[in-house]
Each structure stands twice: as C-alpha cells, then as structure tokens.
Amino acid sequence: TIDAMRDAALAMRSVTTSTGDGLRGMQPGIRPLQAARCGRLAEMDATKAHEADGASSIGTWAGRELNQDAGLTRQMVRAAATLRDLPAVGEAARAGAIGFGHVNSFTYALKHVGVEATRQLEGPLLEVAKVTSPSEFHAKVRQTRDVLHPDDLDQAWLDGMDKRDIRLAKTSEGWHVTGFLDIETGAKLNAILRNLSVPRDADDERNPAQRRMDALDQICTRVLEHGLPSDNGVRPHITVTVEAATLKAMANEQARRSLDLDLKPADLEGFGPIGPQLLAHLLCGAELTPILINTIGKNVEVLDVGRSKRHATPKQAKAISLRQRGRCANCRHPIRHNHHVDWWSDGGLTDLDVMIGLCGKCHTLVHTYRLLITGTYSTGFVLTTARGSPLHDIAP
C-alpha cells in the first residue's frame, strides 16, 4: 500500500506527466488505500478500540473523527470481511487491481449468490471485475444470482402479487396515489407511460412529470370512452352535478361571489365541491345531461331527463386536427381538447367555426382566464394574455 501511494505521489508531482497520465497514476494508490482503511476500521470494530475515544460504535467514531457517514463505515467493515473470506479478491484490492465498489459487489455475492458458489466463481468473477466498472460488474453479479437461483425470481413475483394494491386518497388539491404494482402490471403501465409520454417534437417543452400525467390522463380518457363495458347502455363516466342557478352565475363573476346562501357549488362525484373554473373545464369536453327535478323538502322527484349531447363529434375532431395539422393553436404541442371559443357553459355552439384545438395545458390556461381566445375560424382567431397582450393571430 505504501509503495502504491509513493508511486501515485510521484505521478502527481511529475511536471512532464500529462493530465490523463496523472489521473491514471493516482488510481493504483487510491484503491489500496481504501482496502487498507477497510481493514483498519474492521480491526477497530472487532477490538472495540473506538470506546477508548469515547465512541459507542465504529460508525459514531468514524463520523466524528473521519467525517464519514455511518452507512459507508458499515460497508467498509463488511468489505474487510469479504477481503478476508475471498483471498484472491483481497490480494487484488490491495494491489489496486479492483476498487471499493467491486469489493461491495463481492460482498453482495456472498450474501445473495451464496458463500460456496461465490468461492467457486471467485476467479472468473475477479477477471471480470478487473476490466469493468463497478456498476457493470454489479450487473454481472446480479445476473449470476438470477441464473443460479431462478426460484428466487419466481418467489419475488409471488411476493409482489401478495403486496399489490393501489389507493386514491382525496385531498383538498386533488388525489394522492399510493400502492404497489406487481411485476406484470407495473411492466404494462411502464410500457404505456413510456410510449405516451415521450416528447412529441423538439418544441415539446413539457417536463417529464407533465408528460407522464398527460399520458395517464390520456389512458383514463380512452378507457372511459371505449374500454369499459356499458351498464344498461350507459358507458362508465364521471359525474358533475350543478344546479341551474350556479351554472348561470358562472357567467357573472359578481354573482359568483355574492353572499347567496342558496347558491351551491358544483359537485364532482367521488370527490366533492369544485370551483367554477374546473367546472367550466370539465363541461367543455363533456356530454351534458340536463335533469329536471322537483324538490319538496328532502325529497327529490325526477320530472324529466334530457338527451346527452356530445360536444365534438369524431368528424369534427378530425376536421379541427386537419386544419391545425394536429398542433395546439397556442403552443404547437399535440391537440388534446377541442375547445369552444364561446364556452359551452355560456351557451356556445358546437360549430366548427367557433371551435379550436388546444393541448391540455393551454386548455387549462383558458379556463383559468390566463389565455384568452376570441374570433372565429372564418374571420381568424386572436390569442391574448389575461392582460390583453397579443400572443399571435391565426389567419382566417
């Protein structure tokens, strides 16, 4: 170890050595020093020498005297045992042929591949370690474990099946998701999310979290539209209940903020009360089913149920996509929603002349009044900020 450190020091002090040669020269000195440190820490742990310095454990002592994390100290103590149990590995580490990361993988092998199997494979594994990075070598060790213990892979799958669960907890801001996916289900979801959440082009500025959430929303929308069986002819859906007075007040901010105790917020089934902006956002792409009721005390009598009306037909959606080349009118991301410039909740018509294609983010901006759109397709749409600053026009 001392000789290796001396050679490393010479490489550092040489004025004729290139930067690359200097770095390569340091490596044989760093690795033996790490191996020696593992041995000394293990020796102190075994003899309880740290107690003479008033430390209750080797981790505490190393944290105080060496500024080293307790977890790393425990790793080094275990590494010393590996160097002792696998003599060829210990010799290679002290000679600088392999590093601390490689030794950790041998420690992993002793535990998960098995002591006897690792001893039998010590020579071949050591040759691999000498020519690979620690991460590459660890992958090889894991591969060896999987080949020698295939039953463990199946047991892991069965254990995962026992743990699988998913729960949605309602919060004031949305839903909190917790749970565990088994191997097969997780692989399916991962494949779908990876496919749907890739950036669509160089102009796609959504961050990874936004792309994943857009992908999940797309999955849910497709399933609700096509994937689930109907119940007496009615497809599964989410329901928003809103009284006529509340719907009317949406168009008038002053009425919306009035102290009217009879005015009730809209209610999203399974969640609870929602605000007018979210209500308008949901109504924009929904089927509207007006239900006429008569309320007498606590009793509600249904007098008439109107016919559902789809806002944008498939043909209309294709026409909007074609004329905008599949891109959002504001940010050029893929179209996710067909928006009524005159909001449906305000009496807007389902007419191609007053409909425009937007991505999910820009559609949200519209319904939170941060993006304003006026005009028609025949006269040209005008997009502005909430303060009226022009963004761009779309020619008729």
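This text gives an overview of the structure that appears in the document. Every chain is numbered on its own, with residues counted from 1 as its sequence reads. Totals for whole chains, interfaces and linings use all residues, but because this is a predicted model, local features are given only for residues with pLDDT of at least 70 and pairs of side-chain atoms are given and counted only at 80 or more. The side-chain values count all of the structure's non-hydrogen atoms but skip hydrogen atoms and water molecules.

**A closer look at helix α4 (residues 70-85)**
Think of an α-helix as 3.6 residues a turn; residues three or four steps apart then line up on the same face.
Phase 1 of the analysis: Segments assigned H or I by DSSP are reported as helices when at least four residues long, segments assigned E as strands when at least two residues long, and all are numbered from the N terminus. The span expected for a helix works out to 1.5 Å for each residue beyond the first. Compared with the 22 Å implied by 1.5 Å per residue over 16 residues, the 23 Å span of α4 between its first and last C-alpha is a close match.
Phase 2 of the analysis: Along α4, the positions that sit buried rather than exposed are T73, M76, V77, A79, A80, T82 and L83. Each residue's exposure class comes from its accessible area (1.4 Å probe, protein chains only) as a fraction of the maximum for that residue type: buried when under 20%, exposed when over 50%, partly exposed otherwise.

**Let's talk about the layout of surface pockets**
Phase 1 of the analysis: The space that makes up the second largest pocket amounts to roughly 170 Å³.
Phase 2 of the analysis: Residues are said to line a cavity or pocket when one of their atoms sits within 4 Å of a point; the points come from a 1 Å grid over protein atoms alone, cavities being sets where a 1.4 Å probe fits but cannot get out and pockets being open sets with protein on both sides within 12 Å along at least five of seven lines. If you trace the second largest pocket, you find it lined by Q75, R78, A79, N104, T107, Y108, K111 and H112.
Phase 3 of the analysis: Of all the elements in the fold, those that place two or more residues in the lining of the second largest pocket are α4 and α6 (100-112).
Phase 4 of the analysis: No other element matches α6, which puts 5 residues into the lining of the second largest pocket.
Phase 5 of the analysis: By the convention adopted, Pro, Cys, Tyr, Trp, Phe, Met, Ile, Leu, Val and Ala count as nonpolar, Lys, Arg, Asp and Glu as charged, and the other residues, Gly among them, as polar. Along the lines of polarity and charge, the residues of the lining of the second largest pocket split into 2 nonpolar, 4 polar and 2 charged. Grid points are joined across faces, edges and corners, and a volume is the space filled by probe spheres set on the points.

**Here we look at the packing of aromatic side chains**
Phase 1 of the analysis: Aromatic contacts are taken between Phe, Tyr and Trp rings whose centres are within 6.5 Å, Trp giving its six-membered ring; a plane angle under 30 degrees counts as stacked, one over 60 as edge-to-face, and the others as tilted. Evaluation of the coordinates by the stated rule reveals 1 aromatic pair.
Phase 2 of the analysis: Seen in terms of ring centroids, F106 and F137 are 5.1 Å apart; in terms of plane orientation they differ by 45°. Their pairing is tilted. One end of the pair, F106, is in helix α6; the other, F137, is in helix α9 (residues 134-148), and 31 residues separate them in sequence.
Phase 3 of the analysis: Judged by its relative accessible area of 0%, F106 is buried.
Phase 4 of the analysis: The criterion is that NZ of a Lys, or CZ of an Arg, lies within 6 Å of the ring centre and within 35 degrees of the ring normal, and then a charge sits over that ring. Directly above the ring of F180 sits K163, whose terminal nitrogen or CZ lies 4.3 Å from the centroid.
Phase 5 of the analysis: The ring of Y377 carries the charged tip of R323 above its face, separated from the ring centre by 4.0 Å.

**Some points on the sheet that holds strand β4 (residues 266-268)**
Phase 1 of the analysis: When DSSP finds two or more bridges between two strands, those strands count as paired. A sheet is described by the order of its strands in space; here 3 strands give the open sequence β3-β4-β5, paired in antiparallel fashion. Each having just a single partner strand, β3 (240-241) and β5 (272-274) make up the two edges of the open sheet.
Phase 2 of the analysis: For β3 and β4, the ladder comprises 2 bridges, and the chain directions are antiparallel. Bridge assignment links T241 to a residue of β4, and that residue is D267.
Phase 3 of the analysis: Helix α15 (residues 276-284) contacts β3, β4 and β5 of the sheet and is inclined by roughly 90° relative to β5. Every residue pair with non-hydrogen atoms within 4.5 Å of one another is taken to be in contact. Between N-to-C directions, angles span 0 to 180 degrees; the directions come from axes that are lines fitted to C-alpha atoms, helices contributing only their stretch in contact.

**Details of empty space enclosed by the protein**
Phase 1 of the analysis: Under the counting rule described, the total for this entry stands at 2 cavities of 30 Å³ or more.
Phase 2 of the analysis: The volume enclosed by the largest cavity comes to roughly 50 Å³.
Phase 3 of the analysis: Along its surface, the largest cavity is lined by R31, Q34, A35, C38, A79, L83, A93, I98, G99, F100 and V103.
Phase 4 of the analysis: Elements that contribute at least two residues to the lining of the largest cavity include exactly α2 (19-47), α4 and α6.

**Looking at helix α11 (residues 183-196)**
Phase 1 of the analysis: The end-to-end C-alpha distance of α11 is 20 Å, a good match for the 20 Å that 14 residues give at a rise of 1.5 Å each.
Phase 2 of the analysis: Think of a polar contact as two N or O atoms within 3.5 Å of one another; within protein, one of them needs to be a possible hydrogen donor and the other a possible acceptor, and neighboring residues in sequence only count if both atoms come from side chains. The backbone nitrogen of E184 lies 3.1 Å from a side-chain oxygen of the residue at the head of α11, namely D182.

**With respect to the state of the cysteines**
Phase 1 of the analysis: Criterion for a disulfide: a pair of cysteine sulfur atoms within 2.5 Å. Enumeration over the complete set of coordinates arrives at 0 disulfides.
Phase 2 of the analysis: Not engaged in a disulfide, the cysteine C328 finds its nearest cysteine sulfur in C362; these two sulfurs lie 3.8 Å apart.

**Observations concerning unusual backbone geometry**
Phase 1 of the analysis: Backbone geometry places N67, a non-glycine residue, at a positive phi of 55°.
Phase 2 of the analysis: With respect to the element layout, N67 can be found in the loop between α3 (58-65) and α4.
Phase 3 of the analysis: Residue N67 is classed as exposed on the basis of its relative accessible area, which comes to 71%.
Phase 4 of the analysis: With phi around 55°, R325 is a residue other than glycine that occupies positive phi space.
Phase 5 of the analysis: Note on placement: R325 falls in the loop between α16 (314-323) and β8 (337-340).

Everything listed here is a matter of coordinates, which is why it stays silent on function.
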